[in-house]
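# Reading the structure
This is what each chain is made of:
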Amino acid sequence: MNITKKERRQRRAIKTRARIRELGVARLTVHRTPQHIYAQVFDAAGSKVLVAASTLQKAVAEGLKGTGNVDAARAVGRAIAERAKAAGITQVAFDRSGFQYHGRVKALAEAAREAGLQF
């Protein structure tokens, strides 16, 4: 039985989420597709979305050349950090959802850190 690329990524994500659940802090989750990138902050229990940002939102995608590139990821990172701080969240655990910490995922994380989120 061959395990697909998606199944391997999901397996990595499950392991990471189990460790984050033990920490008991809010979780910044990233999901990427070829055309868009999404970020959500879940509460410590992982059951409720507290803040969300993505390139589908006009306020975030405004002024971007495309929505599937590093610049768009930076814009989403800044937006999620600003919204999280407005909601009173400063400390999160970064959940890359099994994606490699490189390119757009890394750009989003660094932009969120620069905008004031701690992880």
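Residues numbered from 1 in each chain as written. Predicted model: local features only at pLDDT ≥ 70, side-chain atom pairs only at ≥ 80, totals over all residues. Heavy atoms only, no water.

## Points about the packing of helix α3 (residues 70-86) against helix α4 (residues 104-114)
- For the pair α3 and α4, the least separation of the axes is 7 Å and the interaxial angle reads 35°. For the pair α3 and α4, the crossing hand works out as right-handed. Contacts from V70, A73, R74, V76, G77, R78, I80 and A81 of α3 reach α4 at R104, A107, L108, A111 and A112.
- Of the residues contributing to the contact of α3 with α4, the split by class is nine nonpolar, one polar and three charged. (Axes fitted to C-alpha atoms, helices over the stretch in contact; angles between N-to-C directions. Helix = DSSP H or I, 4+ residues; strand = E, 2+ residues; numbered from the N terminus. Left-handed = near helix turned anticlockwise from the far one by under 90°. Contact = heavy atoms within 4.5 Å. Nonpolar A, V, L, I, M, F, W, Y, C, P; charged D, E, K, R; others polar.)

## Re the nonpolar core
- Counting residues in hydrophobic clusters, the biggest one holds 27 residues, and the most contacted among them are L28, V41, I80 and L108.
- Looking at this core, the elements with two or more residues in it are β1 (26-32), β2 (37-42), β3 (49-54), α3, β4 (92-95) and α4.
- No other element matches α3, which puts seven residues into this core.
- Not counting residues within four places of it along the chain, the set of residues in contact with V41 comprises A26, R27, L28, K48, V49, L50, V51, I80, I89 and V92. (Core = buried A, V, L, I, M, F, W, Y, C linked by side-chain atoms within 4.5 Å. Buried < 20%, exposed > 50% of the residue type's maximum accessible area, 1.4 Å probe, protein only.)

## Regarding the environment of V51
- Within the fold, V51 resides in strand β3.
- If near-sequence neighbours (up to four positions away) are discounted, V51 is found in contact with A39, Q40, V41, I80, R83, A84, A87 and I89.

## What to know about unusual backbone geometry
- The phi angle at S97 is positive, at roughly 60°, despite the residue not being glycine.
- On the secondary structure map, S97 appears in the loop between β4 and α4.

## Looking at the side chain of D43
- Inspection of the secondary structure puts D43 in the loop between β2 and β3.
- A polar contact of 3.0 Å, which involves the side chain of D43, links it to the backbone nitrogen of S47.
- The contact partners of D43, leaving out residues within four places of it in the chain, are A26, K48 and L50. (Polar contact = N/O pair within 3.5 Å; in protein donor to acceptor, adjacent residues only side chain to side chain.)

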